[in-house]
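Okay, here's what each chain looks like letter by letter:
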Amino acid sequence: MFDFSSLNIVKNTNDFFIGIRKSKFEDNFEFCLPNGFDNFPEGDFDAVRNLFFKMYRTFRKFEVDNLDNKRFNINKPDFQQEQDQTTLSSGGVKMQTEEGDVCVLYSKIKMIERVLEAYDELAINSVQKKVRRSEDIEYSQIHKYLDHAIYLKDNLNNDVIYLEAMNLPRSTVRYESTDLVNLYCYILDEIIEQLNSDVSDNIKAHTQDIRFLAQRFKEDYLTSNQSIFAKDTFEETISILKEALDKIDKNTLYKDADYWGLYEAIETFLYGELNPEQGNGEFWGVYRFSLIWEDMCNTYFFKEHRDEICYADTDISLKGYQNLEREGEEKNRVGNCKANGRSVYWNQWVYCTSLTNSNKLAKIQEKLEWDELLCIEFDLNHRQFIYSRSKYNQSEKRVKSKVLRRFIRPDLILESQTEKVNNNFPESKSIKIIDYKDLPLRFYNKKLSQKSAKKYRDDIIKQLTYEYILQQKCEVSANEFFIPYYYDIEPSNLLGELEPGLNLQGIKIFRANFSLIQNIYLEDNL
C-alpha cells in the first residue's frame, strides 16, 4: 500500500486528470486534485488520506450508477474513437455522451479491490474450521457410522451401539491459519473504516464479525495506537504486517485454495504498488471530471431542493426514488421526459416539471413544460430565398430529414422565489439558470490562450442564449456558472458563495462547496 505522505500534491493540472499517477518529472507519485482546490492544505496526511478515500468512493459510485444504463456509450467498438490525448489501458472505462463529452475512468486500485473481493464467509470458516475426529455425537449422522460401531448386549435396554468418535466440523488448533484470517480481517476492517462502511452488502452484513477477528490480531501483534492509515504509524504497522504474513506462511503446512485466496489478497495489499507503466489500469483516477461533477451537483439539488427544480438535463439515479414514467430497474432514475431528436443509439432522458404532479409551481409550470428548450438546425441543402418575393422562396420545400439538429440545454433551472397568493397556491416570481462548469476560478479572471478563449466565448454565448429564450416567458432572476471550490473555512452559506466583483455580461460565478456536495452525493451508499 502506498504512503499518503509520499504523494506530491498537484493543483490546477492542465490535462484534465484527477487522481494518482506517476510523476512526469520526478521518480514518485502525484495526487492531482480537482479544480478549485487552491486552498487545500499540502502536507496534511489526514486531509490527503480522507480526500483520497472520498474520491475513491465517488469514482466507484459514478461507475456503478452508469455502467448498466444507456446514458453513455461505454467502450463499445461501434463508438470507439481514436484517442489523440489518452491511451486507454485495459483497466480504463470510457464513457461518452451524445454531445461528445468523454470521461475515461480508472476507478480501481488493485491493492484495495483484492482485499474487498476476497471476502468470503465460507472461505474464512473453511480456514478456521476443518473436519476432524470428535468425541461429540451428532445423532442425525449415526446411520453413516454403523459399520464402525461396537454393538453391546444390554438385557435392560435391548442392544446398545457404542461409537468411539465421529468426523465432525470442529475448530482446529492451527495457530498460523487462524492468524491468517485475523490478519486479513484486520486489513479489511481498516479499509472499511476509511470507506465509512461504504462496502458491499455481503461485507456490511458481517462487519461485527470482521471487527472481532481484527481485534484479535491487533491484540496479538499491535499496540492500541497503531494503524495502517495513520501518519505516525503507517510504516511501522505495514512492516509488522509483512513479518506476520511471512511467519504465518512459513509455519502453515496445509494450504488449500481458501488459504491462498486470503494470502494473495493480503500480499497484494502489503506489497502492491501503483504501476501505470504496465498499462494495466493499476493507476487510479479520471480524465475529464466534468461528467462526475454534473452528477454530484444534480444529486445535491434533487436531494436538497427538489421542489424548486423546474428543469434538469440529467437522468441520475436516486436511492428510494419512484419514477412513474419508468419501469423495472429504471424507476429510481429521475428522468421523466424522453428528449426529442435522438438517434437509435441513444436513450436520453431529462427531468421537467409537469402539470400532473402538483400545484406547487402553478403559474410557472405552464411556461416550462417543454420537450426541448432550444434547437439549432444546420441545413446544407441548396435553397432559394428572395427577400422581396416570398412566394418564390423554397425553404418549405427542402427535405427536413437531411437537416442536422443540435439540442442545447441548460443543466438546471430553479424556481428562485415564491410567494403565497390568498394563502393558497404559491405563485412563482422568477427562475434561476445554472450551468455546471468543471473549471478553476482563475479561468474567468486571467488572460486566456486562444483555445481557452474560444471555450470562454462559447460558454458565455450559450448561457446568454438560455437566458434570452426563457425571458420570453419568465423573469430570470439569476444566471450562474457553478464551479467546484474547496473551502478551508466553512462559508456563511453552506452551499457556497458568489465570487465578488466578477460579472460576465450578467452571468455570476458561484463557488460551490465541493466537500458538502460530495458528502450529499455519497449518502446513498451508506
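In this text the structure is predicted, and so the values were computed from the model without any measurement. In every chain, residue numbers begin from 1 and rise along the written sequence. Totals for whole chains, interfaces and linings use all residues, but because this is a predicted model, local features are given only for residues with pLDDT of at least 70 and pairs of side-chain atoms are given and counted only at 80 or more. Hydrogens and waters are ignored; side-chain quantities use all the structure's heavy atoms.

Quick notes on the overall build of the protein chain
Logical step 1: Each helix is a run of DSSP H or I of at least 4 residues and each strand a run of E of at least 2, with the numbering of both proceeding from the N terminus. Tallying secondary structure elements over the protein chain gives eleven helices and 21 strands in all.
Logical step 2: The classification of residues rests on relative accessible area computed with a 1.4 Å probe and restricted to protein chains. Under 20% of the type maximum is buried, over 50% is exposed, and intermediate values are partly exposed. Per-residue burial over the protein chain gives 49% buried out of 526 residues.
Logical step 3: Working rule for contacts: check all heavy atoms of both residues, and any pair within 4.5 Å makes them a contact. Taking all contacts inside the protein chain whose residues are at least 6 apart in sequence as the whole, residues at least 24 apart take part in 65%.
Logical step 4: Accessible surface computed for the protein chain: about 28700 Å², of which carbon and sulfur atoms make up 46%. The method behind every accessible area is Shrake-Rupley, applied with a 1.4 Å probe, and residues are considered shielded solely by the protein chains displayed.

Topic: the environment of Tyr106
Logical step 1: Considering the arrangement of structural elements, one finds Tyr106 in strand β6 (residues 102-106).
Logical step 2: Taking the C-alpha atoms as reference, Tyr106 lies 7.0 Å from Phe283; in sequence the two are 177 residues apart.

Focus: helix α7 (residues 234-251)
Logical step 1: Spanning 18 residues, α7 covers 26 Å between terminal C-alpha atoms, matching the ideal 26 Å at 1.5 Å per step.
Logical step 2: Burial in α7 covers these residues: Phe234, Thr237, Ile238, Ile240, Leu241, Ala244, Leu245, Ile248 and Asp249. All buried residues of α7 lie within an arc of 165 degrees about the axis, which places them on one face of the element. Opposite its buried face, α7 presents the exposed residues Glu235, Glu243 and Lys250, each directed more than 90 degrees away. The span you would expect from a helix comes to 1.5 Å times its residue count less one. Think of it as the arc spanned by the lines of direction from the helix axis to the C-beta atoms.

Points about the pairing of strand β11 (residues 284-287)
Logical step 1: Here β11 shows a buried face lined by Trp284 and Val286 and a second buried face lined by Gly285 and Tyr287.
Logical step 2: As paired elements, strand β2 (residues 17-22) and β11 share four bridges and run antiparallel to each other. Across the sheet, the residue bridging to Ile18 is Val286, located in β11.
Logical step 3: Inspection of the sheet shows β6 paired to β11 by three bridges, in the antiparallel sense. Residue pairing across strands places Tyr106 opposite Gly285, the latter belonging to β11. DSSP calls a pair of strands paired once it identifies at least 2 bridges connecting them.

Some thoughts on the environment of Ile483
Logical step 1: Position of Ile483 relative to the elements: it lies in strand β19 (residues 476-485).
Logical step 2: For Ile483, a relative accessible area of 0% gives the class buried.
Logical step 3: Along the sequence, Ile483 and Trp293 sit 190 residues apart, while their C-alpha atoms lie 9.0 Å from each other.
Logical step 4: Setting aside anything within four residues of it in sequence, one finds Ile483 in contact with Trp293, Lys437, Leu439, Pro440, Leu441, Tyr444, Ile509, Phe510, Arg511 and Ala512.

Let's talk about unusual backbone geometry
Logical step 1: Phi angles above zero are rare outside glycine, and Asn196 is one such case at about 55 degrees.
Logical step 2: With respect to the element layout, Asn196 can be found in the loop between α4 (175-194) and α5 (201-204).

Focus on the pattern of salt bridges
Logical step 1: Salt bridge, as used here: a side-chain nitrogen of Lys or Arg that lies within 4 Å of a carboxyl oxygen of Asp or Glu. Following the criterion strictly, the structure yields 21 salt bridges and no others.
Logical step 2: In this structure, Arg21 engages Glu30 in a salt bridge whose closest nitrogen and oxygen atoms are separated by 2.9 Å.
Logical step 3: A relative accessible area of 8% places Arg21 in the buried class.
Logical step 4: Among the salt bridges present, the one from Asp198 reaches Arg57, with a minimum N-O distance of 3.0 Å. Here Asp198, found in the loop between α4 and α5, pairs with Arg57, found in helix α1 (residues 45-67); they are 141 residues apart in sequence, far enough to count as distant.
Logical step 5: A relative accessible area of 3% places Asp198 in the buried class.
Logical step 6: One connected set of salt bridges, linked through shared partners, spans Asp435, Lys437, Lys455 and Asp459.

Some words on the environment of Phe16
Logical step 1: Positionally, Phe16 belongs in the loop between β1 (8-10) and β2.
Logical step 2: What Phe16 contacts, discounting residues up to four positions off in sequence, is Val286, Tyr287 and Arg288.

Regarding the pairing of β6
Logical step 1: Within β6, five of the five residues are buried, which leaves the element mostly enclosed by the surrounding structure.
Logical step 2: Alternating residues of β6 divide into Val102, Val104 and Tyr106 and Cys103 and Leu105, and every residue in both groups is buried.

With respect to the packing of α7 against helix α8 (residues 257-271)
Logical step 1: At a minimum axis separation of 10 Å, α7 and α8 run at an interaxial angle of 150 degrees. In terms of orientation, α7 and α8 fall into the roughly antiparallel class. Here α7 and α8 pass one another in a crossing that is left-handed. Residues Ile238, Leu241, Lys242, Leu245, Ile248 and Asp249 of α7 touch α8, and the partners they reach there are Tyr259, Trp260, Tyr263, Ile266, Glu267, Phe269, Leu270 and Tyr271.
Logical step 2: In this classification, Asp, Glu, Lys and Arg are treated as charged, Ala, Val, Leu, Ile, Met, Phe, Trp, Tyr, Cys and Pro as nonpolar, and every other residue, Gly included, as polar. Looking at the contact of α7 with α8, its residues break down into eleven nonpolar, no polar and three charged. To obtain each axis, a line is fitted to C-alpha atoms, and for helices this fit is confined to the stretch in contact; angles are then taken between N-to-C directions over 0 to 180 degrees. Angle categories are assigned with fixed cut-offs, so that under 35 degrees is roughly parallel, over 145 is roughly antiparallel, 65 to 115 is roughly perpendicular, and the rest are oblique. For any helix crossing, the convention is left-handed if the near helix is rotated counterclockwise from the far helix by under a right angle, and right-handed if that rotation is clockwise.

Concerning the packing of aromatic side chains
Logical step 1: We call Phe, Tyr and Trp rings a pair once their centres come within 6.5 Å, taking the six-membered ring for Trp, and we label the pair stacked below 30 degrees between planes, edge-to-face above 60, and tilted otherwise. For the coordinates displayed, the defined rule picks out 35 aromatic pairs.
Logical step 2: Ring geometry for Phe37 versus Tyr486: centroids 5.0 Å apart, planes at 35 degrees, classification tilted. Within this pair, whereas Phe37 is found in the loop between β3 (29-32) and α1, its partner Tyr486 is found in the loop between β19 and β20 (496-504), the two being separated by 449 residues in sequence.
Logical step 3: On the accessibility criterion, Tyr486 (16% relative accessible area) is buried.
Logical step 4: Judged by centre distance (5.8 Å) and plane angle (70 degrees), the ring pair of Tyr436 and Phe482 falls under edge-to-face. Of this pair, Tyr436 sits in strand β18 (residues 426-436) while Phe482 is found in strand β19, placing the two residues 46 residues apart along the sequence.

Focus: the confidence of the model for the protein chain
Logical step 1: Summing up the model confidence of the protein chain, the mean pLDDT is 77 and the portion of residues at 70 or higher is 68%.
Logical step 2: Counting contacts from residues 168-175, a segment whose pLDDT is below 50, to residues more than four positions away or on other chains yields 21 contacts.
Logical step 3: Contacts for the low-pLDDT stretch residues 355-362, under 50 throughout, to residues beyond four places or in other chains number 17 contacts. pLDDT measures the predictor's confidence residue by residue and takes values from 0 up to 100.

Brief notes about helix α11 (residues 514-522)
Logical step 1: Taken residue by residue, α11 has Phe514, Ile517, Gln518, Ile520, Tyr521 and Leu522 as its buried positions.
Logical step 2: Here a polar contact means two N or O atoms within 3.5 Å. Within protein one must be a hydrogen donor candidate and the other an acceptor candidate, and residues neighboring in sequence count only if both atoms are side-chain atoms. The distance from a side-chain oxygen at the start of α11 to the backbone nitrogen of Ser515 is 3.3 Å, and the residue carrying that oxygen is Asn513.

Describing the nonpolar core
Within soluble globular proteins, side chains that are nonpolar tend to cluster in buried spots.
Logical step 1: Working definition of a nonpolar core: buried Ala, Val, Leu, Ile, Met, Phe, Trp, Tyr and Cys residues. They are joined through side-chain atoms within 4.5 Å. In this structure, Ile187, Phe269 and Phe482 are the most contacted members of the largest nonpolar core, which totals 98 residues.
Logical step 2: Formed by 13 residues, the second largest nonpolar core is a distinct cluster that contains Cys310, Leu470, Cys474 and Val476.

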